[in-house]
Amino acid sequence: MLHNKDILVAGGGVAGLMAAMSFASIGYDVICVDPSPPIVEQDDTRADLRSTAFLMPAVEMMRQIGLWDRLAPHAAELRVMRLCDAGGVENEIREQVDFTATEIGHERFGWNIPNRALRQTMIAHAETFPTLDLRMGRAVRDLLPRTGAARVTLDDGTRIEAKLVIAADGRDSLIRELLDIPVRTTRYGQKGIVFAVRHALPHNGVSTELHRTGGPFTLVPLPDQDGVHRSAVVWMDTGPNIADLMKLDDAPFSAAATERSCGILGPLQIEGARGCWPIISQQASALTGPRTALIAEAAHVMPPIGAQGLNISLADIRALLDAAGRHGLGSEAMLDDYDRARRHDITLRERGVELLNRAALTEVQPLRDLRRAGLHLIGTLGSVRAAALRRGMGLT
C-alpha cells in the first residue's frame, strides 16, 4: 500500500523535528522518521550529553509552533558572550572581550538547553500535531525521486509518496548518499569532550569560550539545580590529548578541567558521564536533489564554536518554509530558491568558524599573539564589534 504525504522528513533529531513541526503547523501533511527509538531512561547509553544554545531567532521559531513554553523550564539564559585568549606561555587569560545582547537592542542572546531534555520535550510536542505522523524507530531504506513526487521505502516495507523529502539525517546522511551528492570533509586532528559540571561561582548568564592551543574550552550556562551552579562544557583538543583526558577518573579530570578553565568559575566538578566525538567541517556539494532538500548536518557540519551549528540549521528550515510559500512544494523552482537563499551564508559561516578553529590550533607563539591582537581589535572597534554581534546572532 502506498501512503501519500506532502513531506517526508528523514531524521528525528532537533533539526528534523523542528522542520516537521514547522511545516505541520501551517497545514502540511508530514511524516517524520528516525531509526533511533526515543530515550526514556536517564542512564541510557545512547543519551546525548551535549547541550544546545539557541539564539533568539531560533527561539522565535519555537514560539511560533507553540514549543517554547514547554522548553523554557529547562533553559538557562545567555546574556553575555565572553571570548578569552589564554594563549600565552602560562595558562591564564591575557585578553577578554565581553559581548552583551543589549548592545544590539536585545535582552539576551538566547537560551541553552540540555539535549536530553530538548529532544524528549520536542517529541512530546510533535505528537500533538494532527497532521504530523511521527515514527521513531523507523528508517529510510530507499528513495526513488519522480517528476511529481518521491517514493520512499522504510525499513519495515512501508512505502510513502511525498512531494518533498527533507534530509535531516545527519553527517552520514543516507538520503545524501542515495542521491549521490558528494561532500567535502576537513579533519583537524581534534576531538571534543562534552560533559556537565558543578561550580562554586555563579555563571550569571555568561557563556565563556577560552582559546588556547588545541582548541577552545567553552562553558555554557545551565539552570541551577537545588541551589548548585551548573554549566555545560565542550572541551576541544588534539586527538591524543583528548584520549589521555578520557582515561582519567572523575577527580583528576575535574582538576584538569578546572585548570583549563583558568578557574573563572572556581573549582569544577564533573557531573555524570562524558561523551567524545571527532571535530570536522563538512559541506555537501549540493543542497538539493530531485524532490529533496538537505538541511542541518546532512548539508553542513562545523566545529562547535560561536553557537553557530544548530542555529544555521534552523536558518535552513526558515529558508525552506519561505521557498515553499513562493513555489510549488518540492518543485525545481522551490529547491533552486532554497539553494540560492542558503549556499552563500553556509559557506561564509563555515569559513569563519574554520578560520577561528585553525587560529586556536596554532602552537606558534607569534601566531598566538596575532590571535590575541585580532580579538582585541574586534572588541575595541565599534563598527567591527557591532557587525560581529549581529552576524553571530543570525540577524544579518
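For the structure itself, look to the data block above.
Below: a short report on this structure. (Residues numbered from 1 in each chain as written. Predicted model: local features only at pLDDT ≥ 70, side-chain atom pairs only at ≥ 80, totals over all residues. Heavy atoms only, no water.)

1. So, the overall build of the protein chain
- Along the backbone of the protein chain there are eleven helices and 19 strands.
- Per-residue burial over the protein chain gives 55% buried out of 396 residues.
- A fraction of 72% describes how many contacts in the protein chain between residues 6 or more apart in sequence connect residues 24 or more apart.
- Of the roughly 16900 Å² of accessible surface on the protein chain, 53% is carried by carbon and sulfur atoms. (Helix = DSSP H or I, 4+ residues; strand = E, 2+ residues; numbered from the N terminus. Buried < 20%, exposed > 50% of the residue type's maximum accessible area, 1.4 Å probe, protein only. Contact = heavy atoms within 4.5 Å. Areas by Shrake-Rupley, 256 points an atom, 1.4 Å probe, with all protein chains shown as cover.)

2. Quick word on helix α8 (residues 309–326)
- For α8, spanning 18 residues, the distance from its first C-alpha to its last is 27 Å, which sits close to the expected 26 Å at 1.5 Å a residue.
- Considered for burial, the residues of α8 that qualify are Leu 310, Asn 311, Ile 312, Ser 313, Leu 314, Ala 315, Asp 316, Ile 317, Ala 319, Leu 320, Ala 323 and Ala 324. (Expected span 1.5 Å × (residues − 1).)

3. So, the packing of aromatic side chains
- Counting across every chain of the model gives five aromatic pairs.
- Look at Phe 23 and Tyr 28: their rings are 5.6 Å apart centre to centre, the planes differ by 70°, and that puts the pair in the edge-to-face class.
- Phe 23 gets classed as buried once you look at its relative accessible area, which sits at 1%.
- Aromatic pair Trp 68 and Trp 111: ring centres 5.7 Å apart, planes at 55°, arrangement tilted. Of the two residues, Trp 68 is situated in helix α3 (residues 68–71) and Trp 111 in strand β7 (residues 110–114); the sequence distance between them amounts to 43 residues. (Phe/Tyr/Trp six-rings, centres within 6.5 Å; stacked < 30°, edge-to-face > 60°.)

4. A look at the sheet that holds strand β4 (residues 76–78)
- What the three strands build is an open sheet, ordered β3-β7-β4; its pairing is antiparallel. Strands at the two margins of the open sheet, each flanked by one partner only, are β3 (51–55) and β4. Taking each pair of neighbouring strands and ignoring which way they run, the sheet shows an average axis angle of 30°.
- Sheet strands touched by helix α2 (residues 56–64): β3 and β7. Its angle to β3, the strand with the most contacts, is close to 90°. (Pairing = 2+ DSSP bridges. Axes fitted to C-alpha atoms, helices over the stretch in contact; angles between N-to-C directions.)

5. Re the pattern of salt bridges
- All told, the structure shown has 24 salt bridges when counted by the stated rule.
- Of the charged contacts in the structure, one is a salt bridge between Arg 135 and Asp 133, with a shortest N-O distance of 2.9 Å.
- Residue classification places Asp 133 among the partly exposed positions, given a relative accessible area of 21%.
- Through salt bridges with shared partners, one network takes in Glu 77, Arg 79, Glu 107 and Arg 108. (Salt bridge = Lys/Arg side-chain N within 4 Å of Asp/Glu carboxyl O.)

6. Quick word on helix α6 (residues 239–246)
- Here α6 has its buried residues at Gly 239, Ile 242 and Leu 245. Buried residues of α6, seen end-on, are gathered within an arc of 125° and therefore sit on one face of the element.
- Where α6 is buried, its residues contact β12 (183–199), β15 (228–238), α7 (250–260) and β16 (268–284). (Arc of directions from axis to C-beta.)

7. As for the pairing of β12
- Both β12 and β16 contribute to a ladder of 13 bridges, which runs antiparallel. Counted as the bridge partner of Ile 193 is Cys 276 from β16.
- Looking at chain direction, β12 and β15 are connected through ten bridges and run antiparallel. Along β15, the bridge assignment pairs Phe 195 with Val 233.

8. With respect to the sheet that holds β16
- The eight strands lie next to each other as β6-β5-β13-β14-β15-β12-β16-β19, forming an open sheet whose pairing is mixed. On the outer flanks of this sheet lie β6 (95–100) and β19 (300–301), each paired with one strand and no other.

9. So, the packing of α2 against α8
- For the pair α2 and α8, interaxial distance at closest approach is 9 Å and the crossing angle is 50°. When the axis of α2 is compared with that of α8, the two are oblique. Both α2 and α8 take part in a crossing whose hand is left-handed. Together, Pro 57, Ala 58 and Met 61 of α2 and Asn 311, Leu 314, Ile 317 and Arg 318 of α8 make up the contact between the two elements.
- Residues that form the contact of α2 with α8 fall into these classes: five nonpolar, one polar and one charged. (Parallel < 35°, antiparallel > 145°, perpendicular 65-115°, else oblique. Left-handed = near helix turned anticlockwise from the far one by under 90°. Nonpolar A, V, L, I, M, F, W, Y, C, P; charged D, E, K, R; others polar.)

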